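Okay, here's what each chain looks like letter by letter:
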Amino acid sequence: MTSPTPAGPGSVALITGGTGGFGRALATKLRERDVTVVLADLDSDRARATADELGASFLPLDVTDRAANEAVVAQVEAEHGRLDAAYLNAGISAAKSDDALDLDEFMRVVDVDLFGVVYGAVAARPAISRAGGGAIVVTASLAGLSPMPTDPGYSVAKGGAIAFVRSMAPRLTREGITISAICPGFADTAIIDRIRHEFEAAQFPVIPAAEVADAMVMAWTSGEPGAAYVIQPGVGTVPYRFKGVPSAKTATGETAVVPEALRPPSVH
């Protein structure tokens, strides 16, 4: 099966966390390109109404349920015939940021923000392969590259999501699937509502959701395997340059060469 033009007519995209700020902005961008969009999110009248307003289909999904991820992908294929791109965008943060570490909340954040990505990628992979290739785009965060002391669970989950993307990239590339991550700084979505006043008081710029959505579209159409794209106000979207670790040395002091199968993506 051959693929339509990426992010164009005939292609089908699934967005988890689809009725939140990034999901709504992305759905708008994709619908402008005549992409068939399926929004997956926790079920509610508001979520279904949002999908209707955006001209998108809606499927209920708890991303922490592995079987549910697989069922949603199967339903997308059954209803639309294919899946070309999966945006693994569902995410939450801790409800409070005091010095105590609430382990239950920590695990809940990791469940959604990391394992939701893993389950989503595993579910989407065979469907995108059947469509002839496509993209998996993970919504990570700048917190995954520069951890936030106010939210260890979020930082761990987003850092893990970036590592997962980089680890999976070589094997997915062989199937014609590009997996990449976007890493926005503080963005204008509900996730910052409880501290929004602090940004306003400091006159700190936040990223419009539409700017993040543009980066998400780019990650589908021209993203590089294993890339992590940083998005910051006034900076735009730039690939993060990962610093290499010190190389091992042989007994004679020469730089040891890592077996090719074990090397991380070399583009960044």
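All figures in this text were calculated on a predicted structure; none of them were measured in a lab.

### Points about the sheet that holds strand β2 (residues 36-41)
Turning to step 1, where the next piece is worked out: Pairing is mixed in the open sheet, where 8 strands are placed in the order β3-β2-β1-β4-β5-β6-β7-β8. Strands at the two margins of the open sheet, each flanked by one partner only, are β3 (57-60) and β8 (236-239). Between one strand axis and the next, the sheet turns by 20° as a mean value, whatever way the strands run.
Turning to step 2, where the next piece is worked out: With 4 bridges joining them, strand β4 (residues 85-88) and strand β5 (residues 134-139) adopt parallel strand pairing. The residue bridging Leu 88 from the neighbouring strand is Val 138, located in β5.
Turning to step 3, where the next piece is worked out: Where helix α5 (residues 152-173) meets the sheet, its contacts fall on β5, β6 (177-184) and β7 (228-232), and the angle it forms with β6 comes to roughly 160°.

### A short note on unusual backbone geometry
Turning to step 1, where the next piece is worked out: Despite not being glycine, Ala 7 has its phi angle at roughly 55°, a positive value.
Turning to step 2, where the next piece is worked out: Residues other than glycine seldom take positive phi values, yet Asp 34 does so here, at roughly 65°.
Turning to step 3, where the next piece is worked out: Within the fold, Asp 34 resides in the loop between α1 (21-32) and β2.

### Side note on the packing of aromatic side chains
Turning to step 1, where the next piece is worked out: For the coordinates displayed, the defined rule picks out 3 aromatic pairs.
Turning to step 2, where the next piece is worked out: For the pair Tyr 87 and Trp 220, a centre-to-centre distance of 6.3 Å together with 75° between the ring planes defines the contact as edge-to-face. Of this pair, Tyr 87 sits in strand β4 while Trp 220 sits in helix α7 (residues 209-222), and the two are 133 residues apart along the sequence. Side by side, Tyr 87 and Trp 220 carry an identical accessibility label, which is buried.

Reading the values: the criteria
Residues numbered from 1 in each chain as written. Predicted model: local features only at pLDDT ≥ 70, side-chain atom pairs only at ≥ 80, totals over all residues. Heavy atoms only, no water. Pairing = 2+ DSSP bridges. Helix = DSSP H or I, 4+ residues; strand = E, 2+ residues; numbered from the N terminus. Axes fitted to C-alpha atoms, helices over the stretch in contact; angles between N-to-C directions. Contact = heavy atoms within 4.5 Å. Phe/Tyr/Trp six-rings, centres within 6.5 Å; stacked < 30°, edge-to-face > 60°. Buried < 20%, exposed > 50% of the residue type's maximum accessible area, 1.4 Å probe, protein only.

Don't take any of this as a statement about function, it's just geometry.
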